[in-house]
Amino acid sequence: MKTILTEGVSWVGFVDWNVRDFHGYVTDRGSTHNSYLIEDEKIAVIDTVKAQYSEDFLARVAEKVPLDKVDYLICNHAEPDHSGSFPVAVKAFPNAVVVCNAKCQKALSMHYDVSDWKFQVVEDAETLSLGTKTLQFFNTPMVHWPESMVTYYVEKEILFSMDVFGQHYASSYRFDDESDICEVMQEAKMYYANIVLPFERPVGNALERLGGLKISMIAPSHGVIWRSHISEIMQAYAGWRVSKPVKKVVIAFSSMWNSTRKMAKAIAAGAEESDVNVHLLDMAANNNTTFVTDVMDAAAVAFGSPTLNMGIMPRMASALTYVRGLKPKGKKGFAFGSYGWAAKGSDEVAGYMKAMNMEFICDPIVCQFGADDETLEKCREAGRKLAEIALQAE
Ligand code: FEO
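Basis of the calculations
Residues numbered from 1 in each chain as written. Predicted model: local features only at pLDDT ≥ 70, side-chain atom pairs only at ≥ 80, totals over all residues. Heavy atoms only, no water. Core = buried A, V, L, I, M, F, W, Y, C linked by side-chain atoms within 4.5 Å. Buried < 20%, exposed > 50% of the residue type's maximum accessible area, 1.4 Å probe, protein only. Helix = DSSP H or I, 4+ residues; strand = E, 2+ residues; numbered from the N terminus. Domains from an automatic or database assignment. Contact = heavy atoms within 4.5 Å. Polar contact = N/O pair within 3.5 Å; in protein donor to acceptor, adjacent residues only side chain to side chain. Pairing = 2+ DSSP bridges. Axes fitted to C-alpha atoms, helices over the stretch in contact; angles between N-to-C directions.

Caption draft 1: Structural detail: the nonpolar core. One finds Tyr237, Phe291, Phe303 and Leu320 to be the most contacted residues of the largest nonpolar core, which totals 61 residues. Per-element tally for this core: the top contributor is helix H5 (residues 181–196), with eight residues. A domain split of this core shows at least three residues from each of domain 1 (4–241) and domain 2 (249–391). The residues contacting tyrosine 237, other than those within four sequence positions of it, are Asp163, Val164, Phe165, Gly166, Tyr192, Val196, Val203 and Leu207. The next biggest cluster of nonpolar side chains, apart from the first, holds 28 residues, and it includes Phe14, Leu73, Cys75 and Ala107.

This is the structure in structure tokens:
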């Protein structure tokens, strides 16, 4: 595997081929935990890997340099997928100083016993000379934790961007142009929807800040390194940040005895009369990870559930709880669902949608027991309205 980014800069991370659950995020293509080694008169390591892969990480560093020659261990982000091997690394690099901002120092001290760690606390925009190479640190609070920062290798214009621009994507290739770029962009989109989406303003601040830098390479903490598609990923982030809609309608539902399913299909049929992309998702067959990714750039949505125990079906409750926390913006739509003796399911769905500030284009569409022709026509008509909204997207 090629691990050299440029002269004196190497990847020393771990390819996590088999991770499939990243605290609820379904990572069908695995992930990588990226760590980077910079060799100069001084030697620096940027971030580490999950604790259980610390041996692999140390072995990669040791292939390049004697471990006691590492001078700086930089922490861009205290989340344990990147800081988990710090306790082992601090012991293995006896001469290393941990470089981080003050918030990160505090966060690390709440995760680990740091009593014997040597710290060098850096301010926003502070620089660190390694000899001929200069590193500069920029705080990027809430992207995606309060202490997050990025490291910029000034002379070579390499941005070690931490979680920003990452993808959960395992590969034996390290660069975007060596990989299937459609897969990489899809994984970057999924990563954004599942991790970064709630942080619109902090992401805007970070992009504005970093937009002033000359960037020839973006080396994130997960996935492949961007060197050929930098403008594409930057442009994509600008759209994802505001959940910029495309001509797409998402209809997601759970069903018990097929009545709500028939309603969902009628909504889809109404929408499909127009030239828009219609996604019809039975939440019994779809996971929350792909659901929120789909919703993020939908122009219009309809979510449905029958009443179950005076509430909604558990898979739909899980999906809506997940997507509510991630806060997609600017969606229009409605709730729907069948019921036996109390129309509580669709009301609860509507409650979730209201909590996400979605704009209702009509009241919940409901029917008692089986969906009759009148109900199905109402669904088709509402589907047509969703499509009208989607057609207005760019
Ligand atoms: Fe990959 Fe926020 O950690």
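From this point, things continue past the structure.
Caption draft 2: Geometry of the environment of lysine 2. Position of lysine 2 relative to the elements: it lies in the segment before strand E1 (4–6). Taking the relative accessible area as the measure of exposure, lysine 2 reaches 60% and is therefore exposed. The sequence separation of lysine 2 and phenylalanine 175 amounts to 173 residues, and the corresponding C-alpha distance is 9.5 Å. A distance of 3.1 Å separates a polar atom in the side chain of lysine 2 from a polar atom in the side chain of glutamate 178.

Caption draft 3: Representation of the sheet that holds strand E2 (residues 9–11) within the structure. Spatially, E1-E2-E7-E8-E9-E10-E11 is the arrangement adopted by the seven strands of the open sheet, whose pairing is mixed. Among the strands making up the open sheet, the edge pair consists of E1 and strand E11 (119–121). Pairwise comparison of adjacent strand axes, ignoring direction, gives a mean angle of 25 degrees for this sheet. With two bridges connecting them, E1 and E2 associate as antiparallel partners. For threonine 6, the partnering residue across the bridge sits in E2 and is valine 9. Against the sheet, helix H1 (residues 54–64) touches E1, E2, strand E7 (36–39) and strand E8 (43–46), its axis set at about 20 degrees to E7.

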